[in-house]
Amino acid sequence: MKTVEKIANRSGKNRDLTGFPSAYRNYSDIYHKFSLAEDRKGLILKEIKRLCSSQKTVLLDIGCGTGRYIVSLASSCKKVIGIDPIESQLEYALNQTSNLRNVVCILGDGENIPLSNESINVVIITWVTFRNPSKALKEILRVTNKNGVIIRVSPYKIDDLTSLFPSLNLATIKRNNDLFESFGFKCRYRKISIDFRSTADAKRVVSTVIGCDENRVKKNLLYHNVVIQKYKKTKFQ
């Protein structure tokens, strides 16, 4: 039976490092529905899968949550590692991956990654908030091997989803996006759809996960603007 590896900061399970309220920690089943609705057409997933064409790929998902990406990418990789600071999210991910022997879940965060130098081929960071982005970037680069690739996905403007957040600091989001871009991450801007089965489902899930009044959620299909930042580490770094 697989268990969460607690080899990073043990206090991580008591700290919510995301921009979400306590629902991220307390309602993993509802968060998973939100995660599945995000980019239901799979634009982001297709982007990542193109980098995992080799069975030698070792992939790290920082802020893996309930495991949407680690489940979807396990068959394309030699090994998939999910790391998240919330233990309940990892327990949910373990349930999703119980039959996948090449998946490991680690309690921790992107600022203190408990992995060896240059041990990862592909790193993905989707909708993740770091307390110290500069430190996280250094750690991510440390574990990425020569010719490895890093993909980061982040919001960047007000849209159907971000307008629902009770508090949204666009200045901080821009500052974090600019940090990665200034290091050499190439940016592409895309509009993705967050598609729920019904408006009632959207109201329940979105209001719980991001902490807004459910009456503000008017439809089951929300459009969300993201920047996809991609970086390839060279053998000279």
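Residues numbered from 1 in each chain as written. Predicted model: local features only at pLDDT ≥ 70, side-chain atom pairs only at ≥ 80, totals over all residues. Heavy atoms only, no water.

A. Seen up close, the sheet that holds strand β2 (residues 79-84). With mixed pairing, the seven strands of this open sheet are ordered in space as β3-β2-β1-β4-β5-β7-β6. Here the strands that pair on one side only, and so sit at the sheet edges, are β3 (103-107) and β6 (186-195). Pairwise comparison of adjacent strand axes, ignoring direction, gives a mean angle of 20 degrees for this sheet. In this sheet, strand β7 (residues 221-232) lies alongside β6 in antiparallel orientation, the contact comprising ten bridges. Its bridge partner lying in β7, Cys187 is registered against Gln229. (Pairing = 2+ DSSP bridges. Helix = DSSP H or I, 4+ residues; strand = E, 2+ residues; numbered from the N terminus. Axes fitted to C-alpha atoms, helices over the stretch in contact; angles between N-to-C directions.)

B. Here's a closer look at helix α5 (residues 87-96). Looking at α5, one finds that the buried residues are Glu87, Gln89, Leu90, Ala93 and Leu94. With its buried residues spanning 155 degrees around the axis, α5 presents them on a single face. Buried residues along α5 sit in contact with α1 (23-26), α2 (28-37), α4 (68-73), β2 and β3. (Buried < 20%, exposed > 50% of the residue type's maximum accessible area, 1.4 Å probe, protein only. Arc of directions from axis to C-beta. Contact = heavy atoms within 4.5 Å.)

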